[in-house]
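Letter by letter, the chains look like this.
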Amino acid sequence: MYFDGMYILIIIAFLFSLWAQFRVQGTFKKWSTVQANSGMTGYDAARHMLDIHGLHDVPIEPVRGALSDHYDPINRVVRLSEPVYYESSISAISVACHEIGHAIQHKEHYPMLVLRHRIFPIVNFASGLAPILLIAGFLFQWLGLIGLGIIFFSVAVAFQLITLPVEFNASNRAREIMVSEGYITNEEERGVAKVLNSAALTYVAAALVSLLELLRYILIFTNSNNRD
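These remarks concern the structure in this document. (Residues numbered from 1 in each chain as written. Predicted model: local features only at pLDDT ≥ 70, side-chain atom pairs only at ≥ 80, totals over all residues. Heavy atoms only, no water.)

This part takes up the side chain of S210. Locating S210 in the fold gives a position in helix α7 (residues 189–227). Contact partners of S210, with chain neighbours within four places excluded, come to F153, V157 and Q160. (Helix = DSSP H or I, 4+ residues; strand = E, 2+ residues; numbered from the N terminus. Contact = heavy atoms within 4.5 Å.)

Despite not being glycine, L67 has its phi angle at roughly 50°, a positive value. Following the sequence through the fold, L67 ends up in the loop between β1 (60–63) and β2 (70–72). Take L67: its relative accessible area is 38%, and that puts it in the partly exposed class. (Buried < 20%, exposed > 50% of the residue type's maximum accessible area, 1.4 Å probe, protein only.)

Among the residues making up helix α2 (residues 42–52), those that are buried are G42, A45, A46, R47, M49 and L50. For α2, the secondary structure elements touched by its buried residues are β1, β3 (77–81), α3 (82–86), α4 (90–108) and α6 (143–180). Of the residues trailing α2, G54 is marked for its positive phi of about 75°.

Side chains of nonpolar character tend, in soluble globular proteins, to be buried together. If you look at the biggest cluster of nonpolar residues, it comprises 32 residues, and the most contacted ones within it are L80, I93, C97, M178 and Y183. When contributions to this core are tallied by element, the ones reaching two or more residues are α1 (2–31), α2, β3, α3, α4, α6 and α7. By residue number, the principal contributor to this core is α4, which donates eight residues. What Y183 contacts, discounting residues up to four positions off in sequence, is A36, S38, M40, A45, H48, M49, I52, I93, C97, I177, M178 and E188. (Core = buried A, V, L, I, M, F, W, Y, C linked by side-chain atoms within 4.5 Å.)

Attention shifts here to the sheet that holds β2. Ordered in space as β1-β3-β2, the three strands form an open sheet in which the pairing is mixed. Looking at which strands have only one partner, the edges of the open sheet turn out to be β1 and β2. With strand direction ignored, the average angle separating the axes of adjacent strands in the sheet is 30°. Bridge count between β1 and β3: four bridges; the pairing is parallel. Bridging from a neighbouring strand, I60 pairs with V78 of β3. Seen against the sheet, α2 touches β1 and β3 and runs at an angle of roughly 155° to β1. (Pairing = 2+ DSSP bridges. Axes fitted to C-alpha atoms, helices over the stretch in contact; angles between N-to-C directions.)

A cluster of basic residues, R23, K30, R190 and K194, forms a positive patch at the surface. The set of elements that each furnish at least two residues to the positive patch consists of α1 and α7. (Patch = residues over 30% accessible without salt bridge, like charges linked within 9 Å, V, L, I, M, F, W, Y side chains within 5 Å. Areas by Shrake-Rupley, 256 points an atom, 1.4 Å probe, with all protein chains shown as cover. Salt bridge = Lys/Arg side-chain N within 4 Å of Asp/Glu carboxyl O. Lys, Arg positive; Asp, Glu negative; His and termini not counted. Charge placed at Lys NZ, Arg CZ, Asp CG, Glu CD.)

This is the structure we're talking about:
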């Protein structure tokens, strides 16, 4: 059956997502044992990168948890996990500078980041309501609910797709600045690329799973609508 093929694709994408999660953890762990020649910690690199872009007022805070690093655009603060904040490994500097890439995007009003911020409230509402509508629609065989659920779910998928260029752009900014400012050597850039690319894979995998799930819902809806 055609839909059986969709299930298989979704399962494959889900397994790819799990593999991506394991890979990012493994890659981070591997390169966390390799010290950067510059001796800079994640905090040092992040602070310098913020300052040279005129973001002196953006603080950097250490937070607990593994790979809990993020830039908070609402409070304009960079939060780095303790291993990233305090250590001077290739992994630490790579992750720290990636987050600063988001802060620079925010300052420069990078279009995709601006779009992501603007639709976030809508996405937050839609992603919470979509599963309820879809479950109720399939349970009661009400095509109107299914169609509405698909629309809401589409918003969440669009958000994930918009996130991809935002993440890749932040990584590209980080790599260029890390080399030009001497945080890493040209030889160390290979390790940086591995750390950042493995992290990007998790976003790609999540978007792929959601996209296939959306396609499956659309096909089911279309097939049911044609029967009626």
